[in-house]
Amino acid sequence: MHGHPFPGPLQLWWGPGATQGGVRSFFHDFGKKPSPNKMFRAGGEDGLIDAAGRVRSREELHLLMASLADRMRNEEVPADNPTIPSGYTYLLQFISHDIADSIVSFEISGDALTPGAHNARARRLILDSLYGDGPEECPQAYQFLEDNALIPRTLLRIGPPRADPLPDAFCPNRDIARCKLSSEDQGLKAKLREGLIADPRNDSHALISQLTVLFHLFHNEIANIVKRQVPASQPQMLPKREAAFRRFLCARLAVTLIYRNIIKKDVLSKILHPAIYERYDTEPDLQVDKFSGVPLEFSFGAFRFGHALVRDKYNVNSAFQEMDTIGALRLSSEDITRKWLVDWARFFTIDGVDAKNLSKMIGPSHSKFIKGDEEFDPKVTGYDVEGLPYRDLLSASFAGLLSVRALCDKLREEGFTQVDEFESWHEPMRNWLIQKSPFTRIEYQAKLDLILKDPPLEFFVLFEARQYGGCHLGPVGSIIVAESIFGALKENHYGLEGSGSELKDRLRTAGDRIFDPQTGVGAALHDEAGGIDSMPALLKFLKQKTDFATG
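This write-up is about the structure you can find in this document. Note that this is a predicted model, so its numbers are computed, not measured. (Residues numbered from 1 in each chain as written. Predicted model: local features only at pLDDT ≥ 70, side-chain atom pairs only at ≥ 80, totals over all residues. Heavy atoms only, no water.)

## Overview of helix α9 (residues 404–413)
- Three or more residues of α9 are buried, namely Val404, Ala406, Leu407, Cys408 and Leu411.
- Buried positions along α9 lie against α12 (457–467) and α13 (475–491).
- A positive phi of about 95° marks Gly415, the residue just after α9. (Buried < 20%, exposed > 50% of the residue type's maximum accessible area, 1.4 Å probe, protein only. Helix = DSSP H or I, 4+ residues; strand = E, 2+ residues; numbered from the N terminus. Contact = heavy atoms within 4.5 Å.)

Take a look at the structure:
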């Protein structure tokens, strides 16, 4: 071995601070160091995490999080949430893929070689997870339709219509497009096929791959609106290649405008505390986070509340109604079965007809599937426990986040009167922790005190939501999510949001800037797609444009 070109021992350290320089953050992106005044000594001198964000004892921290996870596992499966249909559970996952895509590598810092990560989503919430780097850099996601190979692809790929379609009105009866095995791959699995999409995470389970089908269909229908106004057979207007490029860019811009409008008006209004949502929606200059990028408190803390929304079973379609959620998990390259062809009217409330699948109430409790022993992280030591909640708690503890106390103090200083003083949480949190848990035993008193003094942010966000009724996030969780998502919408001012207060005006401007207004592209987008301000509205648009029942 050649060794390393710098003096001193090289330590491989998997502790906190690998990307933050050992400093607990307020809000900051992967790899960005906050200013020193954001440091906070969590848990005091006797805590498990010191002022630099380093874990003093990995074993003790694992044991503490295992105890907390056991308490959460003993909680009853939450009730249904009447305000958030289950379609939003997976739309939130889709949105998270459009905000962060962690790329893991190594960094050299002083005498330590540490795992380092950065966010590959340099631009957030502009559907890079759907489009990749476009048809020339990500061709597998795009249909090849033109005879001339020099003409860029403008439509997203979709699997063929099912030969045995379901009659459900809002079921597309399609899978994502998949490629065939090469001869040398035949030994893997007979039906193993690779998804032809930009972000493979959007094929990690059946529900999100079916949601990806919706967005592929939606892009193609918007592209068809544009093409009707500027067909490729009009070279007198534009060269054929340029016309195709413009059609694709116009369709992508329009879809992104609509997607961002849905996030702001539909998604955030459902998941945020009403008073917090109103402030961020009506005060465009409101911003607590002075750093750019994705806050670790968002990605490792608040936004993981989505795991609490997952159901154990879903009423998927008319032929296969009650399906165990575990059935949605499969090899990401496996063909979807007919059982998981989704009738989206069962996941979103459309025209006043309630969705059959509602998400679960938000709190420190999860479905049996999420806290199950088989699906997530089996035991690797004598003190680790199974289940996704434990993994979330542990990773949040090692991520170097600002403590809950510091967050509460900071947000109250910023004028958020809805945020309670941290001390007010001591009694209700203690009362909850000592129910159905090992914390009732005297030998666990020290552990109980540590959690009360410095609860993991991911746990606190869930507990806060529970105390506020469980239908939406509480103030602290809402502010973190609002800062991150409203901040991304402002920071990546992509999509002509300033060209009019209404979506239809922005769509008209987009069409008129990419094509001559005389083509009527802007007017057509204004008239046909200008009213899409929610996922139910998007589904109704698609149902009008394509016959789902026949594929």
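## Comments concerning the packing of helix α4 (residues 206–229) against helix α5 (residues 240–271)
- Two elements in contact, α4 and α5, have axes separated by 9 Å at closest approach and are oriented at 125°. Taken as axis vectors, α4 and α5 run oblique relative to one another. As α4 runs across α5, the sense of the crossing is right-handed. Along the contact surface, α4 presents Phe215, Phe218, His219, Ile222, Ala223, Val226 and Lys227, while α5 presents Arg247, Phe248, Cys250, Ala251, Arg252, Ala254, Val255, Ile258 and Tyr259.
- Looking at the contact of α4 with α5, its residues break down into twelve nonpolar, one polar and three charged. (Axes fitted to C-alpha atoms, helices over the stretch in contact; angles between N-to-C directions. Parallel < 35°, antiparallel > 145°, perpendicular 65-115°, else oblique. Left-handed = near helix turned anticlockwise from the far one by under 90°. Nonpolar A, V, L, I, M, F, W, Y, C, P; charged D, E, K, R; others polar.)

## Structural notes on unusual backbone geometry
- Its identity as a non-glycine residue notwithstanding, Asn173 has a phi of 55°, on the positive side.
- In this structure, Asn173 sits in the loop between α3 (128–131) and β5 (178–179).
- A residue is classified by how much of its surface remains accessible, and Asn173, at 0% relative accessible area, is buried.
- The phi torsion at Asp351 lies on the positive side, around 55°, for a residue other than glycine.

## Some points on the pattern of salt bridges
- Counting across every chain of the model gives 25 salt bridges.
- The salt bridge partner of Lys270 is Asp266, with a shortest N-O separation of 2.7 Å. Within this pair, Lys270 and its partner Asp266 are both found in helix α5, separated by four residues, close to a single helical turn.
- According to the relative accessible area criterion, Lys270 is partly exposed, its value standing at 25%.
- Taking relative accessible area as the criterion, Asp266 reaches 3% and is therefore assigned buried.
- Connected via shared salt-bridge partners are Asp80, Arg311 and Lys360. (Salt bridge = Lys/Arg side-chain N within 4 Å of Asp/Glu carboxyl O.)

## Things to note about the packing of aromatic side chains
- In total, this model carries 21 aromatic pairs according to the counting rule given.
- For the pair Phe215 and Tyr259, a centre-to-centre distance of 6.1 Å together with 90° between the ring planes defines the contact as edge-to-face. Taken together, the residues Phe215 in helix α4 and Tyr259 in helix α5 connect sequence positions 44 residues apart.
- Since its relative accessible area comes to 2%, Phe215 is described here as buried.
- A ring pair is formed by Trp425 and Phe460, whose centres lie 5.2 Å apart and whose planes are at 80°; its orientation type is edge-to-face. Note that Trp425 is positioned in the loop between α9 and α10 (426–433) and Phe460 in helix α12, a separation of 35 residues in sequence.
- Members of the aromatic cluster, each reached through a chain of ring pairs, are Tyr88, Tyr90, Tyr314, Trp344, Phe347 and Phe348.
- One residue, Arg71, lies across the ring of Trp432, its end atom 3.8 Å from the ring centre. (Phe/Tyr/Trp six-rings, centres within 6.5 Å; stacked < 30°, edge-to-face > 60°. Lys NZ or Arg CZ within 6 Å of the ring centre and 35° of its normal.)

## Description of the side chain of Asp128
- In this structure, Asp128 sits in helix α3.
- In terms of polar contacts, Asp128 uses its side chain to reach the side chain of Arg252, at 2.7 Å.
- Apart from the residues within four sequence positions on either side, Asp128 is in contact with Asp98, Arg121, Arg123, Ala198 and Arg252. (Polar contact = N/O pair within 3.5 Å; in protein donor to acceptor, adjacent residues only side chain to side chain.)

## Description of the nonpolar core
- Judged by nonpolar contacts, the single largest core of 155 residues is most densely connected at Ile222, Leu433, Val481 and Met535.
- With 15 residues, the top contributor of residues to this core is α5.
- Each residue touching Leu433, except ones within four places of it in the same chain, is listed here: Leu68, Arg71, Phe439, Leu448, Ile451, Leu452 and Phe459. (Core = buried A, V, L, I, M, F, W, Y, C linked by side-chain atoms within 4.5 Å.)

## With respect to helix α14 (residues 503–514)
- The first and last C-alpha atoms of α14 sit 17 Å apart over twelve residues, in line with the 16 Å expected at 1.5 Å per residue.
- Within α14, the full set of buried residues consists of Leu503, Arg506, Leu507, Thr509, Ala510, Gly511 and Ile514.
- On its buried side, α14 packs onto α5 and α15 (521–529). (Expected span 1.5 Å × (residues − 1).)

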